[in-house]
Amino acid sequence: MLLTRAPRGTRDILPPEAEKWRRIEEKARELCRLYRYGEIRTPLFEHTELFSRSVGEETDIVSKEMYTFEDRGKRRLTLRPESTASVVRAYLEHNLNAAPQPVKLYYIGPMFRYDRPQAGRYRQFHQFGVEAFGSQSPALDAEIIHLADQLYRQLGLPDVALEVNSVGCRRCRPPYREKLQGFFREKLESLCPDCRQRHGTNPLRILDCKEETCRSHFREVPTLGDNLCPECGSHFAALQEGLKNLNLPYRVNPFLVRGLDYYTKTVFEFISPRLGAQSSLGGGGRYDDLVEVCGGPPTPGSGFAVGLERILLALEEEGLSKEEEAPEVYVASIDAGALPRVDLLLRDLRAKKVSCERDFLGRSLKAQLKQAGRSRARLTVLLGGDEFREGKALLKDMATGEQDTVSLDSIIDAVLDNLDREV
Ligand code: AMP
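The structure presented is a predicted model; accordingly, all values stated were derived computationally and were not measured.

A.B. asks: Can you help me understand the state of the cysteines in this one?
C.D. replies: When the sulfur atoms of two cysteines share a covalent bond, that bond is a disulfide. Taken as a whole and assessed by the stated rule, the structure comprises zero disulfides. Cys232 supplies the cysteine sulfur nearest to Cys169, a cysteine that is in no disulfide, at a spacing of 3.6 Å. Overall, Cys169 belongs to the buried group, its relative accessible area being 9%. Free cysteine Cys214: the closest other cysteine sulfur is in Cys192, separated by 3.7 Å.

Quick look at the structure:
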């Protein structure tokens, strides 16, 4: 066992990168405040059955990718591969269906899938997602899509493309399923092994296949869009009206089915042109039967989940995420006698919300100044020598090189003034 390596498909997030994560998370939280979603934190593991029933036995997630284990009490548990099922479970457990609807919730946290690791695909990855319960309105779907779109835009990813489709409901999907099975029946030989299996169990997923042999049939395949029942048809039309109204450009992708079984009517995905094979930045849709499947009263729902790793990758491709946060002040000491005063100055600066740093390795003054430059601190304060004994410090602006001698009594004010902060 390699004690110095994180398990395959997982990774550490170190301070400069964690900074970028926080920026994304803060933006997500701010948007949720504006769109009126409240935070929910659910356990990282749930009863296995919750996922197998809701996500679907035949899906890749449930059939191949779950981290499932038996605990010491012989319960079958699974590390959550996604959060919608958990949020539905919590909605029912806490009787949120008795609250005024829609109930709007969001989450940020790790998910676990035993996937083949590659760029943008991990076994522990992170999602930000929202779920809204209790309304069938296509306007709610449009609002949810708008929220996701705003996240990408405000983070600096303007060229993210939105694809939408409708996967129908329990009335129009079964006859379409049969139609699809009929269409592929005489073409079975030419389908990939996965799709040959899907043909019997979940033929809609054939439309999701990336293999050229399967895709070659897509030109003639009957689409769900042409086979929606009147209710789903007008819901989809209203969704598109809502998107146009919000000035959100989109493309109808008749082959968008998404890899989870619980979707009904609206499905959507955000694609980045910069991410190659793992181009899906996030997606979601409506799940009007899921609450019932999980044992609750019939309750419509709608939501999305976006992958934080993918956002970071896309930002890196844009060259937008290199910035590392610099301290505002570096406090250097000319001699060891000044160190206790250095610590007090750090304490007082931090109390004024100034980020600051000192040396802890006994570096020479020269090495400290080099360190201050490398950290890109805006100001350096030097304590020690004759000035220190006279109750003074040197304050240096690192950009202009200008230096001032400042009385120690007023050093905090001088720093704040130089940082253009309120004194
Ligand atoms: P899904 O829950 O499969 O609809 O995925 C929603 C989003 O989560 C995707 O668009 C990706 O951005 C992200 N995602 C899904 N699986 C992974 C993974 N294995 N590693 C990293 N991100 C993922």
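Next comes the rest of the description.
A.B. asks: Just to check I follow, could you spell out the nonpolar core for this structure?
C.D. replies: Nonpolar side chains in soluble globular proteins tend to be buried together. Tyr37, Phe128 and Ile311 are the most contacted members of the largest nonpolar core, which has 92 residues in total. When residues of this core are assigned to their parent elements, the largest contribution, nine residues, is made by helix α5 (residues 138–155). If we ignore the near neighbours within four places in the chain, the residues touching Tyr37 are Cys32, Lys104, Leu105, Tyr106, Val130, Glu131, Ala132, Leu140, Glu143, Ile144 and Leu147.

A.B. asks: How should I be thinking about the layout of surface pockets in this particular structure?
C.D. replies: The gaps left among the atoms become clear once a water-sized probe is rolled over them. A volume near 460 Å³ is recorded for the second largest pocket. Along the walls of the second largest pocket sit 23 residues, with Arg173, Asn202, Asp261, Tyr262 and Tyr263 positioned nearest its centre. When contributions to the lining of the second largest pocket are tallied by element, the ones reaching two or more residues are α2 (48–55), α6 (173–185) and α10 (290–293). The element best represented in the lining of the second largest pocket is α6, accounting for three residues. Residues belonging to the lining of the second largest pocket are distributed by class as follows: nine nonpolar, five polar and nine charged.

A.B. asks: Just to check I follow, could you spell out the packing of α6 against helix α7 (residues 193–201) for this structure?
C.D. replies: Any two packed helices are characterised by the angle at which their axes cross and by the distance between the axes. Closest axis-to-axis distance for the α6/α7 pair is 9 Å, and the angle between their directions is 140°. Taken together, the axes of α6 and α7 are oblique relative to one another. The crossing of α6 and α7 is left-handed. Residues Arg177, Gln181, Phe184 and Arg185 of α6 touch α7, and the partners they reach there are His199, Gly200 and Thr201. Looking at the contact of α6 with α7 residue by residue, the class counts come to one nonpolar, four polar and two charged.

A.B. asks: It is not clear to me how the sheet that holds strand β16 (residues 403–407) should be interpreted in this structure. Could you clarify?
C.D. replies: Backbone-to-backbone hydrogen bonds pair the strands of a sheet. The strands run either parallel or antiparallel. Pairing in this open sheet of five strands is mixed, and the strands run β13-β12-β14-β15-β16 from one edge to the other. Of all strands in the sheet, those bounded by a partner on one side alone are β13 (356–358) and β16. The mean inter-strand angle of the sheet, taken between neighbouring strand axes irrespective of direction, is 25°. Seen against the sheet, helix α13 (residues 365–374) touches β12 (329–333) and β14 (379–383) and runs at an angle of roughly 175° to β12.

A.B. asks: How should I be thinking about the pairing of strand β11 (residues 301–307) in this particular structure?
C.D. replies: Regular strands have side chains that alternate between both faces of the sheet. β11 sits mainly inside the fold: seven of its seven residues count as buried. Neither face of β11 is exposed, since Gly301, Gly303, Ala305 and Gly307 on one face and Ser302, Phe304 and Val306 on the opposite face are all buried. Across seven bridges, the pairing between strand β6 (residues 124–133) and β11 is antiparallel. Considered in β11, the bridge of Phe128 is made with Val306.

A.B. asks: Explain the site of the ligand to me, please; I cannot follow it from the model alone.
C.D. replies: Neighbouring the ligand are 15 residues, the closest being Arg113, Tyr122, Gln127, Arg258 and Ser280. Arg258 places a side-chain nitrogen or oxygen 2.3 Å from an oxygen atom of the ligand. Contacts to the ligand include Leu281, whose backbone N or O atom sits 3.2 Å from an oxygen atom. Its free accessible area being 480 Å², the ligand has 92% of it covered by the protein chains. Counting residues per element, the shell around the ligand draws most heavily on strand β10 (residues 280–286), which supplies three residues.

A.B. asks: What exactly am I supposed to notice about the side chain of His126 here?
C.D. replies: Along the chain, His126 falls in strand β6. Among the polar contacts listed, one links the side chain of His126 to the side chain of Glu309, at a separation of 2.8 Å. Here His126 is in contact with Ile13, Trp21, Gly109, Pro110, Val306, Gly307, Leu308 and Glu309, once residues within four sequence places are set aside.

A.B. asks: Looking at this structure, I do not really get the packing of α5 against helix α9 (residues 230–245). What am I missing?
C.D. replies: Relative orientation of the contacting elements α5 and α9 amounts to 45°, with a least axis distance of 8 Å. Taken together, the axes of α5 and α9 lie oblique to each other. Considering how the two elements wind past one another, α5 and α9 form a crossing that is right-handed. Between α5 and α9, the residues in contact are Pro138, Asp141, Ala142 and Ile145 and His235, Ala238, Leu239, Gly242 and Leu243, respectively. A breakdown of the residues in the contact of α5 with α9 according to their chemical character gives six nonpolar, two polar and one charged.

A.B. asks: What's the story with the pattern of salt bridges in this structure? I'm lost.
C.D. replies: Where charged atoms of side chains with opposite charge meet at close range, the side chains can pair. Scanning the entire structure with this criterion turns up 35 salt bridges. Salt-bridge contacts for Glu231 lead to Arg171; the nearest nitrogen and oxygen are separated by 2.8 Å. One end of the pair, Glu231, is in helix α9; the other, Arg171, is in the loop between β7 (161–166) and α6, with 60 residues separating them in the sequence. Overall, Glu231 belongs to the partly exposed group, its relative accessible area being 39%. Accessibility expressed as a relative area gives 53% for Arg171, which makes it exposed. The network of salt bridges with shared partners includes Asp141, Arg171, Glu231, Lys265, Arg286 and Asp288.

Reading guide: rules and limits
- Residues numbered from 1 in each chain as written.
- Predicted model: local features only at pLDDT ≥ 70, side-chain atom pairs only at ≥ 80, totals over all residues.
- Heavy atoms only, no water.
- Disulfide = S-S within 2.5 Å.
- Buried < 20%, exposed > 50% of the residue type's maximum accessible area, 1.4 Å probe, protein only.
- Core = buried A, V, L, I, M, F, W, Y, C linked by side-chain atoms within 4.5 Å.
- Helix = DSSP H or I, 4+ residues; strand = E, 2+ residues; numbered from the N terminus.
- Contact = heavy atoms within 4.5 Å.
- 1 Å grid on protein atoms, 1.4 Å probe; cavity = no way out; pocket = protein on both sides within 12 Å on 5 of 7 lines; lining within 4 Å.
- Points joined across faces, edges and corners; volume = space filled by probe spheres on them.
- Nonpolar A, V, L, I, M, F, W, Y, C, P; charged D, E, K, R; others polar.
- Axes fitted to C-alpha atoms, helices over the stretch in contact; angles between N-to-C directions.
- Parallel < 35°, antiparallel > 145°, perpendicular 65-115°, else oblique.
- Left-handed = near helix turned anticlockwise from the far one by under 90°.
- Pairing = 2+ DSSP bridges.
- Near = heavy atom within 4 Å.
- Polar contact = N/O pair within 3.5 Å; in protein donor to acceptor, adjacent residues only side chain to side chain.
- Areas by Shrake-Rupley, 256 points an atom, 1.4 Å probe, with all protein chains shown as cover.
- Salt bridge = Lys/Arg side-chain N within 4 Å of Asp/Glu carboxyl O.

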